[in-house]
Amino acid sequence: MAEIVIDATVQFAVDKLIEIATQEWRLVSGFKSELNNLKESLAMIKAFLQDAARRQVEEETIRLWLKKLEDVAYEAENLFDELEYENIRRKVEINNQMKRKVCFYFSLSNPLAFRWKMAHKISEVNEKLKKIEEKANNYGLASVINASSASFLPSVEETDSISRDPIFVGRESDKSKIIDMLMTPSNEVISVIPIVGMGGLGKTTLARKIFNDQQIIDYFDKTIWVCVSENFNSTKIFGSILESLDKDHRVESRQAILKSLQEILKNKKYLLVVDDLWNDDRDRWDDFQNSLSGINSNTGNFILVTTRNKDVASIVSRPCMHYELDNLSDDSCWSIIERKAFSGGEVPEELKIIGKEIAQRCRGHPLAANMVGGILQGKRRDDWVSILEGAFSDSNEISDSNEKESSVMRVLKVSFNRLPSLLLQKCFAYCSIFPKDEQINTKLLIQLWMAEGFLRDNENDMESRGNKVCEILLQHSFFQEAVKDETGIITYCKMHDLVHDLACLVSDTKSLKVGNRCIEHKSSRCRYLVMDSPDLEPYNVIQDGAIYLRTLFLKGNVLDQMLQNFRGLHILVLQGSNIEELNTSIGKLIHLRLLDVSCTKINTLPVSVCKLFHLQTLRANPCSDLHAFPDKLQQLINLRHLHVDKTQRTPVNIGKLTSLRTLEFFNVGVEKGRRIEELGGLKYLMGELRICNLDLVNDREEAKRASLIEKPNLERLELVWSNDSSDGDNNHEQVLEGLQPHQNIKSLKIENFMGDHFPSWTMNMGVNCDQVRLDNLTEIILMNCNRCREIPTLGTLPLLEILYVVGMQGLRSIEPSFYHNIPPNGSSSSNQRSSSPTVFFPALKKLRLMGMLSLVGWVGPDEMQAIAFPVLEYLEVSYCPLLLAAPSHGFPSLKEVVITNSGFPSLERFSGCGIRNLDPDHFSIPHSKCLTYLMLDNCDGLISLKFPHSKCLETLVISGCESLSSISFPNGLTSLKSMEIGSCGSLTNLPCEMLDNCISLESLAVMNCRELSPFSVERMVCLSSLTITDCPNIRSLPKGIEFGRLTELEFGPIIEEEFMLDGLQQHSLQKLTLIGSNSDSPLPYQIQHFTSLKELELNGFGIEALPEWLGNLSSLQELILRLCGKLKHLPSKEVMQLHLTKLQSLEIHWCNLLIERCNPELTDSEWPKISHIPKLNISNFNR
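None of the values given here were measured: they were computed from a predicted structure. Numbering of residues starts from 1 in every chain and runs along the sequence as written. Per-residue local features of the predicted model are confined to residues with pLDDT of at least 70, and side-chain atom pairs are confined, for both listing and counting, to 80 or more; whole-chain, interface and lining totals are unaffected and use all residues. Hydrogens and water molecules were not included; the side-chain quantities draw on all heavy atoms of the structure.

## Describing the pairing of strand 40 (residues 1095-1099)
Okay, so step 1: Three exposure classes are used, based on accessible area relative to the maximum for each residue type with a 1.4 Å probe and protein chains only: buried under 20%, partly exposed in between, and exposed over 50%. Each helix corresponds to a stretch of at least 4 residues labelled H or I by DSSP, and each strand to a stretch of at least 2 residues labelled E; elements are numbered beginning at the N terminus. The element strand 40 is largely enclosed, with a buried count of five among its five residues.
Okay, so step 2: Of the two faces of strand 40, the one holding E1095, E1097 and N1099 and the one holding L1096 and L1098 are both buried throughout.
Okay, so step 3: Any two strands are treated as partners once DSSP identifies two or more bridges connecting them. The sheet contact formed by strand 39 (residues 1071-1076) and strand 40 spans five bridges and is parallel. Bridging across to strand 40, K1071 finds its partner in E1095.
Okay, so step 4: Relative to strand 41 (residues 1118-1122), strand 40 is paired through five bridges, and the arrangement is parallel. Residue pairing in the sheet places L1098 in a bridge with L1121 of strand 41.

Have a look at this one:
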């Protein structure tokens, strides 16, 4: 299938060569005529390419002609590369004043020798091109003059959120059904639901919609997503689970990972999505699931699996749990095409007729519909007809259901062929080097494209060109699941499995990935090689084709001989952590444009790296063992992207690398070549820059030499002083004054600044004055500026969305100047005659005030009619122990607050955690009509609590408030559905007026409240779940329990010997947990009457044998026994096997005598009674 892309590759290479050959070249004396001949030959050959592309599909000779032309084009490109390399080398020698006094006549340093050599090589290429042109004439290829450029790139279409991601249509019913399955109570520790269907049906999209559904987020304590694909490695999967739950964990061994997961998931109900599972090894899956069960033995956890393979589904779950995904309807496919092609606009009737016919031919595949809709954007009727007759003609229909995925691939190939630029085809095909399901870092991808020469149409703006390619491929659904930064640039994306298959198909012989086995690549035209095994030698894989290799991803040490074999490399990526040394022969790779030593153990780069004059990108992040760079790195004048670790010393004289776009970290030094002035000439810097050790800068004038104000492409800037910089002379204010950024800056962080006042540009970032306004700021972080006594004026910044003020310990009060400028006369700077109120912080969504130990007050703006924080959704005030007052203006859109204040009318969720030293006179729950969730946890200083009237409150959690002695609910809580009160040791009663009005309460849990008196649940007619544990004053079930419809009850410890279960509706109770008080506690005999019980847990009873009447519980599915130290015997074998016929699960923990008697080898063992039960969980034994 190489013909799909070979014409794009050849035309792209020829176009690029013509462009290069047209440039003015130095050192051309002696072969100028040869160069002109080459340019003319290329122009003649280009004219044949359009006809060759058409005929290659059926004519093998034309395909061979194109491949030969491609080889010669690469050879010619290398010649021009060598010529440019020599130009740069001479320029570097002149700049370094390193002219040799004596040169051997035939040395490369000798211009005459070099010109003679180049003339000879160009002559050889011309001869080859002449023969290729002759064959074109012999084959009768038609000549087409003025063919379009292969590097042409169309404009990016305007898009919305719908057109960026796979459109979700026709799966609403599937989504609802699976959500119902996930939210159905389960007695199993882990239930597995596999979504099964062929590739392209939208399994992952459906799973993602379910994963992000609010019902699922609320129902499960933790939701986790991992993508597995073809390589099922349990340890790696557990590592991915841990990383998704806690990104700060850095453990590698399986045991350590499982232990960390056990701590995080303890007592949590979780949903794990395992996307794209291919593993058909039952033992591997059982090992994985058993380990998960050991991490968390709570019931109700779910795994949602997506897989193409029905055999995989059978391994992970019972057939009754399988969810097989059907094809979409034709109408749904048309809806996708319509929305993708027209973005909600009007559809001409003639296109609608054709489009619906195309939708029928998509055969219910949403991926095919998305791809077709993408290529139909902005197309005329003829194009629609062409696609219908080409990809979807009746002759192309596939009737065999086993070949449906082939029909989807045919659609994908048509979409590829109709991409509006050969450049797009070339860039997409290159993506085959990435593994399936890889989250692709687009910054790296663009740098790879640059290194391959795909983006050189505009050398000064290759990065923007690459971003445009990514956006177009996303619009056409070749990319999906895009993550964008605050500026709208794609930072990460993925390819669908079938799209990845397409990339591999169209790359064909160009790209090769080798795993743990050595295979010989028969083609001599392999351009991209990925070696996943550190034990294989790349040369043994491609042998004679080594000279054509352009990209090499390698795990394993780089040997001298290997580099000799791959002198044409443009890209070398060293991925393995076992790589400790980079051979000095790296300097002979004169064509190299990207070198990546990240995640290796290399501790030094050889000086010969500084001879890589074509190098555009050097990546060494993370690379903790690499502490320094060669001093001559300044010679790499084409270097555009330098990715270094923040712990590494900045290369000396970095200011001479004037082409730099990326420099994420700059550590200021004191010696010449490492001072802040090195940043001055780097005018192209873009993205993020973190400048550290600013305490080594002497004054304002020295700081200004960094010329930050002249760097318009910088988006994120961090200015950092050392932690110990508070000692000695304080020049911080002067230095910060000289570091004013360009007005385009979007994110600003100032850390460890020890000036008493912020300088003028900082104080007036959003004020109309002589300073440059920083109106594009969306994020500001002020961290540990502990001497500052005033926050800058930020309220008029129009785009500011995130503001963190952390550790400003010298600040006593937030004044009106925080909102607006205060002129010398003391009046507001706003127009007093304006009829409309002034809005401050108009875009702020997240505000965090932390560690402000001296902060006492917070005053609002001076203007009476001002509106402040109109869209603020999240407010956090932490570790501000002296704060007593807050502004009176309120926060009208607040959704979540971590520590309280009053006046939040739109608050929906309130969480107060770990609040200490509360002053009851200044603490109250916000009066919000929208409050639905309220939690107070570990608030030791809280003594009394008064709740406002709320008609919406549904969930109430109060826990760990040991000083809380009274709760007041003046108007009751008629909408409350769930209430949990735990570990409130001073609480003596629950007010009757509160409980009498909880008419909607469905779940009530009261735990570890030592002083709490009995209460009534008489009015709680909706109560279905009741938990009362460790409340010693409550010795019997609450009064009025007979009026409810309890399905779940947990009670204990039972102190009364004659404890009664009277009043309970025997036919409704399904789950019962009883806790005994000591080793002599009897078992309540009324249990035998609850014949609807499905789950029974007995904990801490002093019985020696379970009674025979247990057989009356004919509906029992799960039995759990804990801490019954005297228990030796289960009911008889007849009861266990003939009466308890629905029992599916038995757990026995800390019942040592019984556990011993469950040994099958004992003569009077209990084992025969339980051996038939499908799921056994007995300490030291699991099935």
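Additional details are given in the paragraphs that follow.
## Some words on the side chain of S659
Okay, so step 1: Among the secondary structure elements, S659 is positioned in the loop between strand 15 (641-644) and strand 16 (662-663).
Okay, so step 2: For S659, the side chain forms a polar contact with the main-chain oxygen of I637, separated by 3.0 Å.
Okay, so step 3: Whether two residues touch is decided by their heavy atoms; if any such pair falls within 4.5 Å, the residues are in contact. Sequence-distant contacts of S659, that is, excluding residues within four places in its chain, are made with I637, N638, L639, R640 and Y684. Definition of a polar contact: a pair of N or O atoms within 3.5 Å, with one able to donate and the other able to accept a hydrogen when the atoms are protein atoms, and with sequence-neighbouring residues admitted only if both atoms are side-chain atoms.

## Side note on the side chain of R848
Okay, so step 1: Note on placement: R848 falls in strand 25 (residues 846-850).
Okay, so step 2: A polar contact is formed between the side chain of R848 and the side chain of E876, at a distance of 2.8 Å.
Okay, so step 3: With near-sequence residues (within four places) excluded, R848 lies in contact with L803, Y804, V805, Y874 and E876.

## Points about the sheet that holds strand 6 (residues 440-441)
Okay, so step 1: As summarised here, the arrangement of the three strands in space is 6-8-7, forming an open sheet in which the pairing is antiparallel. Two strands lie at the open edges of the sheet, namely strand 6 and strand 7 (480-484), each paired on one side alone.
Okay, so step 2: Strand direction decides the pairing type here: strand 7 and strand 8 (residues 490-494), joined by three bridges, are antiparallel. If you follow Q480 over to strand 8, its bridge partner there is K494.
Okay, so step 3: Strands strand 7 and strand 8 of the sheet are contacted by helix 20 (residues 462-475), whose axis makes an angle of about 140° with strand 7. Axes here mean lines fitted to C-alpha atoms, for a helix over just the part in contact, with angles spanning 0 to 180 degrees between N-to-C directions.

## Concerning the state of the cysteines
Okay, so step 1: Our working definition of a disulfide is a cysteine sulfur pair at a distance within 2.5 Å. Evaluated as defined, the whole model comprises zero disulfides.
Okay, so step 2: Not engaged in a disulfide, the cysteine C431 finds its nearest cysteine sulfur in C493; these two sulfurs lie 7.2 Å apart.

## Thoughts on the pattern of salt bridges
Okay, so step 1: For salt bridges, the criterion is a side-chain nitrogen of Lys or Arg within 4 Å of an Asp or Glu carboxyl oxygen. Under the definition given, this model contains 37 salt bridges.
Okay, so step 2: Between R318 and E188 there is a salt bridge whose closest N-O contact spans 3.1 Å. Of this pair, R318 sits in the loop between helix 12 (310-316) and strand 5 (323-324) while E188 sits in the loop between helix 6 (172-182) and strand 1 (190-196), placing them 130 residues apart in sequence.
Okay, so step 3: Between D501 and K436 there is a salt bridge, with its nearest N and O atoms 3.0 Å apart. One end of the pair, D501, is in helix 21 (residues 497-507); the other, K436, is in the loop between helix 18 (422-430) and strand 6, with 65 residues separating them in the sequence.

## Notes on a negative patch on the surface
Okay, so step 1: Residues forming no salt bridge and having over 30% relative accessible area are the ones grouped into patches, like charges within 9 Å of each other and nonpolar side chains (Val, Leu, Ile, Met, Phe, Trp, Tyr) within 5 Å. Residue exposure ignores everything except the shown protein chains as possible cover, and the areas themselves are Shrake-Rupley values with a 1.4 Å probe. The convention is simple: Lys and Arg are positive, Asp and Glu are negative, and His and the chain ends are not counted. We put the charge of a Lys on NZ, of an Arg on CZ, of an Asp on CG and of a Glu on CD. Taken together, the side chains of D280, D281, D283, D286 and D311 define an acidic patch exposed on the protein surface.
Okay, so step 2: Looking at the element boundaries, D311 is found in helix 12.
Okay, so step 3: Assessed through its relative accessible area of 52%, D311 is described here as exposed.

## What to know about the nonpolar core
Okay, so step 1: Core analysis: the biggest nonpolar cluster contains 188 residues, and I691, W858, F869 and I1087 have the highest contact counts within it.
Okay, so step 2: In plain words, nonpolar cores are sets of buried Ala, Val, Leu, Ile, Met, Phe, Trp, Tyr and Cys residues tied together by side-chain atoms within 4.5 Å. Counting residues in each nonpolar core, the second largest holds 48 residues, with M371, M409, I433 and L498 among its members.

## Examining the environment of G587
Okay, so step 1: With respect to the element layout, G587 can be found in the loop between strand 12 (571-574) and strand 13 (594-596).
Okay, so step 2: Exposure remark for G587: the relative accessible area of 11% places this residue in the buried category.
Okay, so step 3: Along the primary structure G587 and S608 are separated by 21 residues, whereas in three dimensions their C-alpha atoms are 4.5 Å apart.
Okay, so step 4: Apart from residues lying up to four places away in sequence, G587 is in contact with Y85, S608, K611 and L612.

## Considering the packing of helix 9 (residues 234-245) against helix 11 (residues 282-295)
Okay, so step 1: Where helix 9 meets helix 11, the closest approach of the two axes is 10 Å, and the angle between their N-to-C directions is 40°. The crossing of helix 9 and helix 11 is right-handed. Two secondary-structure elements touch here, helix 9 through S234, I237, F238 and I241 and helix 11 through R284, D287, F288, S291, L292 and I295.
Okay, so step 2: In this count, Pro and Cys sit with the nonpolar residues alongside Ala, Val, Leu, Ile, Met, Phe, Trp and Tyr, while Asp, Glu, Lys and Arg are called charged and the others, Gly among them, polar. Residue composition of the contact of helix 9 with helix 11, by class: six nonpolar, two polar and two charged. Each helix crossing is assigned a hand: it is left-handed if the near helix lies turned anticlockwise from the far helix by less than a right angle, otherwise right-handed if that turn is clockwise.

## Side note on helix 3 (residues 60-95)
Okay, so step 1: Multiply 1.5 Å by the residue count of a helix minus one, and that product is the helix's expected span. Compared with the 52 Å implied by 1.5 Å per residue over 36 residues, the 53 Å span of helix 3 between its first and last C-alpha is a close match.
Okay, so step 2: Counting buried positions along helix 3 gives 26 out of 36 residues, so the element sits mostly inside the fold.

## Some points on the confidence of the model for the protein chain
In regions of low pLDDT, the predicted coordinates are not meant to be interpreted in detail.
Okay, so step 1: Every residue is assigned a pLDDT by the predictor, reflecting its confidence on a scale from 0 to 100. This prediction gives the protein chain a mean pLDDT of 81; 80% of its residues lie at or above 70.
Okay, so step 2: Long-range and interchain partners of residues 98-108, a stretch whose pLDDT sits below 50, account for 18 contacts in this model, where long-range means more than four residues apart.
Okay, so step 3: Every residue in residues 828-833 is under pLDDT 50, and counting partners more than four places away or in other chains gives nine contacts.

## Description of the packing of helix 18 against helix 20
Okay, so step 1: Packing of helix 18 against helix 20 leaves a shortest axis separation of 10 Å and a crossing angle of 85°. Our classification of the angle between helix 18 and helix 20 gives roughly perpendicular. Here helix 18 contributes L423, L424, C427 and F428 to the contact with helix 20, which in turn contributes R465, V469, I472 and L473.
Okay, so step 2: Classifying every residue of the contact of helix 18 with helix 20 by side-chain character gives seven nonpolar, no polar and one charged. Angle categories: roughly parallel below 35 degrees, roughly antiparallel above 145, roughly perpendicular from 65 to 115, and oblique for all the rest.

## Structural notes on the packing of aromatic side chains
Okay, so step 1: Between 30 and 60 degrees the pair is tilted, below 30 it is stacked and above 60 it is edge-to-face, where a pair is any two Phe, Tyr or Trp rings, Trp via its six-membered ring, whose centres lie within 6.5 Å. Within this structure, the stated rule accounts for 22 aromatic pairs.
Okay, so step 2: With a centroid separation of 5.9 Å and 80° between ring planes, the pair formed by Y430 and F454 is classed as edge-to-face. Here Y430 is found in helix 18, whereas its partner F454 is found in the loop between helix 19 (442-452) and helix 20, with 24 residues between them in sequence. Across the pair, exposure class does not vary: Y430 and F454 are buried alike.
Okay, so step 3: Joined through ring pairs, the aromatic side chains of F818, Y819, F840, F841, W858 and F869 make up one cluster.
Okay, so step 4: Lysine NZ or arginine CZ positioned within 6 Å of the ring centre and within 35 degrees of the ring normal marks a charge as sitting over the ring. Note that R661 overlies the ring of Y684, its terminal NZ or CZ placed 4.3 Å from the centroid.
Okay, so step 5: Above the ring of Y804, the side-chain terminus of R848 is found at 4.7 Å from the ring centroid.

## Describing unusual backbone geometry
The bulk of non-glycine residues show a negative phi, and the bulk of peptide bonds are trans.
Okay, so step 1: P622 follows N621 through a cis peptide bond whose omega is 0°.
Okay, so step 2: Assignment of secondary structure puts P622 in the loop between strand 14 (617-620) and strand 15.
Okay, so step 3: Its identity as a non-glycine residue notwithstanding, C599 has a phi of 60°, on the positive side.
Okay, so step 4: Tracing the chain through its elements places C599 in the loop between strand 13 and strand 14.
Okay, so step 5: On the basis of relative accessible area, C599 is assigned to the partly exposed category, the value being 43%.
Okay, so step 6: Positive phi is not limited to glycine here, since L1123 has a value of about 50°.

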